[in-house]
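# Descriptive analysis of the structure
Here is how the chains run, residue by residue.
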Amino acid sequence: MARLRVYELARKLNMPPKELLQELEELGVSVKNHMSFVDEEIANIIIDLLEEGKEKKSKQPSKPRKDDEEEIEKEITEKKKKRKISLKPDELKLDIVAEKLGIPQNKIIQDMFVKRGLALRPGQILKLEEVEQILKEYKAEIELEEEKAGEEEVDDFELLERRFQELYEREEDKLVPRPPVVTVMGHVDHGKTTLLDRIRSTRVAEREEGGITQSIGAYQVEVNGRKITFIDTPGHELFTEMRARGAQATDIVVLVVAADDGVMPQTIEAYNHAKSANVPIIVAINKIDKPNANVEKTKQELVEKLGLIPEEWGGDTVVVPISAKTGQGVDELLEMILLVADMNEIKCYPEGPARAVIIESKLDKKMGPVASVIVKDGVLKVGDAVVASNTYGKVRNLFDDRMRSIREAHPSQPVMILGFEDVPDVHSNVYVVESVEKAKEIVEKRREKLESQKFGKKHVNLEELMKMMKEKDKKILNIIVKADTYGSVAALRNAINKLQSREIELNIVHAGVGEISTSDIMLAAAVDAVVLGFRVKVNSKARKLAEQEGVDVRTYSIIYKLVDDLKLALEGMLEPEEVEEIIGHGEIKRVFKISKVGKVAGVQMLDGKADKSGFVRLYRNGQLVFEGKIESLKHYKEDVNVVEAPQECGIKLSGFDDIQEGDELEFYVIRKVKRKPTFVEESQKNLSEQQQ
Ligand code: GDP
């Protein structure tokens, strides 16, 4: 029976695949993902159902719901569009956040409980994670005012990048699809170059140009009227280096695995590099023309060694058997690239000044400094003023991938730029700015700054982990492991996994056998990982690169030393835990109404003390009515910081006036205590055995 991919069905129904997946789930049709197949019969039923549903929805008069609820919902949808709130660190409280969002506090409490299982109380002091969840729910953004202090550090070049990030977030509706940019990776001799040549020669009618082709580092081909860009230089080293420089160009990785050789060490390495970048992977099983090719066995290895399950086996990895030599299967591979591109919504911001990634740069004898770039956003034009990380210029000329002079280049198009003052740093970004003067100014400022900082970027190191993690607000320690044998790798994996704690996730980005190489360092720089070597050496190039990049590399010959170091680092990493300490109680004896100030409580302290810098809870008939800060604390007429029992005092609560005689007050402060991670399992015992 004919089958249809979920993705294709979505197209038929003219709805986003994600939505269709949801609908299917609701209808009880079990599918794994966009690539899964649906029988035609079922597909037809679904089409009928959904079409019917649509009609109904549009015909149905809106049910009169509870009016006020509807009002609130409407208002919230309105507000969702543009909210960006700024908060001072001491304003992380539910009532304040609610007010800033313009959403009733109770509505937030209800939503957060129902949708996210988060129980909140009115006026509660919120943890940062809780604020984030709330903001996520209402699609708002937070700007912590404290952070502003650090902004002087950011140079113009970084601001240019940030501008694009903001555009993407703010004007999501203006983003449009662009052709995918593909990098081919895999083990040496598995056929990467042959595949790239094959695609290029069959798809690009270059002979019409006289046959002279000079590679500019990438080329574009057309498949079914749509374009795909291929980066010419295969391999994961380049890919990761670009990433480490903050200039990721690749949207899709084609992992080439020879059917006569199977998954090899560099296949694994390439896979880990691609995976850590979260780039979708298509596997091309190559050399199927060879008599000793074994496609099934290769697929088996994909599952066993990489955990990639081919979609025909129920997984979600697209696997295409090909022969780069004969061309068999190559067309299907290209179609699959387009399919995966559609599913991953590869987009760009098409208007405005361009942004591009440099994939190659050099000093050409005739043309001077040249840079090959792939345009990411906007339109790059002759005459544009451009900056790269180390230099600037005015675009004098543009050449496309067949060295034809062109006037402008569009997103995903590879193009060579002439006109830079100097050879720009390869693998950095290029931005168009308003004038050459501005470009020059940006670069000069940046140069000065770089000169004043002797060393390059600093990445994670074990000692400074705590600080780094705090800044990044994430609790993942990325680790790259290199060891002398597969046995050691397994033992290390095991030992590291036993160190997993509830608070911090240890993520082994890559583990392999052999010395620590430059590609390990680049990966570490790209993902902010530490590199741990066990009974292996660091090759000299890698050591130098690690120094330049500020990557922490450590080598060990005894496992327990390695584990000990990690443990210590993890302890240091933990943020202090916040514990609440109740310091006193009081009762409201009288309520004073003071014009312009509001209501002030005349409080009898019952035990302990009230501290103005702390917090207070107000209970009425045993139920919490308010929690928050003390706006003013008075003893007789004087402003004081602390009042101790059995004194009396006057308290004005911050942002809360609904106080009554008889209300009970509980005063508390928040203390930070250092905590140790709770290991899932203690690891020390078996380590010496594992070493063997
Ligand atoms: P790379 O190192 O991954 O770039 O591999 P190459 O493209 O240089 O290919 C290595 C060798 O495998 C070359 O001798 C190619 O001719 C050969 N090769 C590549 N693809 C195929 C194929 O599909 N079938 C056969 N039989 N040989 C291939």
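Counting restarts for each chain: residues are numbered from 1 in the order of the written sequence. Reporting in this predicted model follows two pLDDT cut-offs: at least 70 for local features of residues, and 80 or more for side-chain atom pairs to be given and counted; totals over whole chains, interfaces and linings ignore these cut-offs and use all residues. No hydrogens and no water enter the side-chain calculation; it runs on all heavy atoms of the structure.

## Focus: the overall build of the protein chain
Put simply, the rule reads: We count a stretch as a helix when DSSP gives it H or I for four or more residues in a row; a strand needs E for two or more, and each element gets its number in order from the N terminus. The cut-offs for exposure are 20% and 50% of the maximum accessible area for each residue type, with area from a 1.4 Å probe on protein chains only; residues under the lower value are buried, those over the upper are exposed, and the others partly exposed. We get accessible surface area from the Shrake-Rupley algorithm with a probe of 1.4 Å; when it comes to residues, only the shown protein chains can shield them.
The secondary structure content of the protein chain amounts to 20 helices and 33 strands. Per-residue burial over the protein chain gives 48% buried out of 692 residues. Accessible surface, the protein chain as shown: approximately 35,800 Å² in total, 47% of it carbon and sulfur.

## A closer look at the confidence of the model for the protein chain
Detail in the predicted coordinates should be disregarded across regions flagged by low pLDDT. So the rule is basically this: Per-residue confidence from the predictor is reported as pLDDT, which spans 0 to 100. Any two residues whose heavy atoms approach within 4.5 Å are treated as being in contact.
Residues with a pLDDT of 70 or more make up 82% of the protein chain, whose mean pLDDT is 81. When pLDDT is averaged over each element of the protein chain, strand β10 (residues 281–286) comes out on top at 98 and helix α20 (residues 687–690) at the bottom at 39. In the model, residues 206–212 has pLDDT below 50 throughout and makes seven contacts with residues more than four positions away in sequence or in other chains. Residue range residues 675–692 is modelled with pLDDT below 50. Its contacts to residues more than four positions away, or to other chains, number 43 contacts.

## Some details on the packing of helix α11 (residues 265–276) against helix α17 (residues 518–527)
For any two helices packed against each other, the geometry is given by the interaxial angle and the distance between the axes. Selection criterion: All axes here are fitted lines through C-alpha atoms, helices being fitted over the stretch that makes contact, and every angle between N-to-C directions spans 0 to 180 degrees. Angular relationships are summarised with four words: roughly parallel below 35 degrees, roughly antiparallel beyond 145, roughly perpendicular across 65 to 115, and oblique for the angles in between. Throughout, a crossing is termed right-handed when the near helix is turned clockwise from the far one, and left-handed when it is turned anticlockwise from it by less than a right angle. For this classification, Asp, Glu, Lys and Arg are treated as charged, while Ala, Val, Leu, Ile, Met, Phe, Trp, Tyr, Cys and Pro are nonpolar and the rest, including Gly, are polar.
Between α11 and α17, whose axes approach to 11 Å, the crossing angle comes to 15°. Viewed along their axes, α11 and α17 adopt a mutual orientation that is roughly parallel. Both α11 and α17 take part in a crossing whose hand is left-handed. The residues of α17 that touch α11, namely those facing E269, H273 and S276, are S519, L523 and V527. Considering only residue class, the contact of α11 with α17 consists of two nonpolar, three polar and one charged.

## What to know about the site of the ligand
To keep it simple, the criterion reads: The rule for a residue being near a molecule or strand is that one of its heavy atoms must lie within 4 Å of it. Any pair of nitrogen or oxygen atoms within 3.5 Å is treated as a polar contact; in protein, a donor-acceptor pairing is required on top of that, and neighbouring residues in sequence qualify only through side-chain atoms on both sides.
Taken together, 15 residues form the shell around the ligand, and within it D189, K192, T193, T194 and D289 come nearest. Contacts to the ligand include D189, whose backbone N or O atom sits 2.8 Å from an oxygen atom. Interatomic distance of 3.0 Å between a backbone N/O atom of G191 and an oxygen atom of the ligand. For the ligand, the protein covers 73% of the area, taking 570 Å² as the surface of the free molecule. Element by element, the count of residues in the shell around the ligand is highest for helix α9 (residues 192–203), at three residues. A per-class count over the shell around the ligand returns two nonpolar, seven polar and six charged.

## Things to note about the sheet that holds strand β8 (residues 226–231)
This is how it is decided: When DSSP finds two or more bridges between a pair of strands, those strands are recorded as paired.
Judged by pairing direction, the sheet is mixed, and its six strands sit side by side in the order β7-β8-β6-β9-β10-β11 without closing on themselves. Single-partner strands in this sheet number two, and they are β7 (218–223) and β11 (318–321). Direction aside, the axes of adjacent strands within the sheet are offset by 30° on average. For strand β9 (residues 252–258) and β10, the ladder comprises six bridges, and the chain directions are parallel.

## Here's the deal with the sheet that holds strand β25 (residues 553–556)
Pairing within the open sheet is parallel, and its four strands lie in the order β23-β22-β24-β25. What marks the edges here is a single partner per strand, and that holds for β23 (505–513) and β25. The mean angle between the axes of side-by-side strands here comes to 25°, regardless of whether they run parallel or antiparallel. The pairing of strand β22 (residues 476–483) with β23 spans eight bridges and is parallel. The residue of β23 that forms the bridge with A483 is V513. The sheet contacts of helix α16 (residues 486–498) involve β22, β23 and β24 (529–534), and relative to β23 the element is tilted by about 175°.

## Quick word on the packing of aromatic side chains
Definition in use: In this scheme Phe, Tyr and Trp rings, the latter by its six-membered ring, pair at centre separations within 6.5 Å, and the angle between planes marks the pair as stacked below 30 degrees, edge-to-face above 60, and tilted otherwise. Charges are assigned to positions over rings by a cutoff of 6 Å between ring centre and Lys NZ or Arg CZ, combined with an angular limit of 35 degrees from the ring normal.
Scanning the model with the defined rule gives four aromatic pairs in all. One residue, R617, lies across the ring of Y668, its end atom 4.2 Å from the ring centre.

## Observations concerning a nonpolar patch on the surface
To be explicit about the condition: Residues form patches when they are more than 30% accessible in relative terms and have no salt bridge. Like charges link within 9 Å. Nonpolar side chains (Val, Leu, Ile, Met, Phe, Trp, Tyr) link within 5 Å. We define a salt bridge as a contact between a side-chain nitrogen of Lys or Arg and a carboxyl oxygen of Asp or Glu at a distance within 4 Å.
Judged by side-chain polarity, F592, I594 and V597 come together as a nonpolar surface patch covering roughly 230 Å² of accessible area. Summarising the element assignment, V597 is placed in the loop between β26 (577–594) and β27 (598–611). Residue V597 is classed as partly exposed on the basis of its relative accessible area of 44%.

## As for the nonpolar core
Let me state the cut-off plainly: What we call a nonpolar core is a set of buried Ala, Val, Leu, Ile, Met, Phe, Trp, Tyr and Cys residues that are connected through their side-chain atoms within 4.5 Å.
One finds L195, I228, F230, V254, L333 and I337 to be the most contacted residues of the largest nonpolar core, which totals 32 residues. Breaking this core down by element, the ones donating at least two residues are β6 (181–186), α9, β7, β8, β9, β10, β11 and α13 (330–343). In terms of residue count, the dominant contributor to this core is α13 (ten residues). Judged by nonpolar contacts, the second largest core, of 23 residues, contains L477, I508, V530 and L532.

## Considering the pattern of salt bridges
Counted according to the given criterion, the structure contains 24 salt bridges. Measuring nitrogen to oxygen at the nearest pair gives 2.9 Å for the salt bridge that ties D260 to K290. Taken together, the positions of D260 in the loop between β9 and α11 and K290 in the loop between β10 and α12 (295–306) put the pair 30 residues apart, joining distant regions of the chain. Judged by its relative accessible area of 34%, K290 is partly exposed. Taking the shortest distance from any N to any O, the salt bridge between D377 and R355 comes out at 2.9 Å.

## Concerning the side chain of R620
Mapped onto the fold, R620 is located in strand β28 (residues 615–620). Within the structure, R620 has its side chain in polar contact with the backbone oxygen of D658 (distance 2.6 Å). Engagement of the side chain of R620 in a polar contact is seen with the side chain of D663, the distance being 2.8 Å. Apart from residues lying up to four places away in sequence, R620 is in contact with V625, D658, I659, Q660 and D663.

## As for the environment of E441
Here E441 is to be found in helix α14 (residues 436–452). Judged by relative accessible area, E441 falls into the partly exposed class, the value being 41%. Separated by 285 residues in the primary sequence, E441 and D156 have C-alpha atoms spaced 9.4 Å apart.

## Observations concerning the packing of helix α6 (residues 105–116) against helix α7 (residues 128–137)
Where α6 meets α7, the closest approach of the two axes is 11 Å, and the angle between their N-to-C directions is 90°. In terms of axis orientation, α6 runs roughly perpendicular to α7. Side by side, α6 and α7 meet where I108, M112, K115 and R116 of the first sit next to Q133, I134, K136 and E137 of the second. The residue makeup of the contact of α6 with α7, split by class, is three nonpolar, one polar and four charged.

## Digging into helix α10 (residues 236–244)
Counted residue by residue, α10 has seven buried out of nine residues, so it is predominantly covered. Those residues of α10 not exposed but buried are H236, L238, F239, T240, M242, R243 and A244. Structurally, α10 contributes buried residues whose contacts are with β6, β8, β9, α11, β13 (355–364) and α17. After α10 finishes, the residue G246 shows a positive phi value of roughly 75°.

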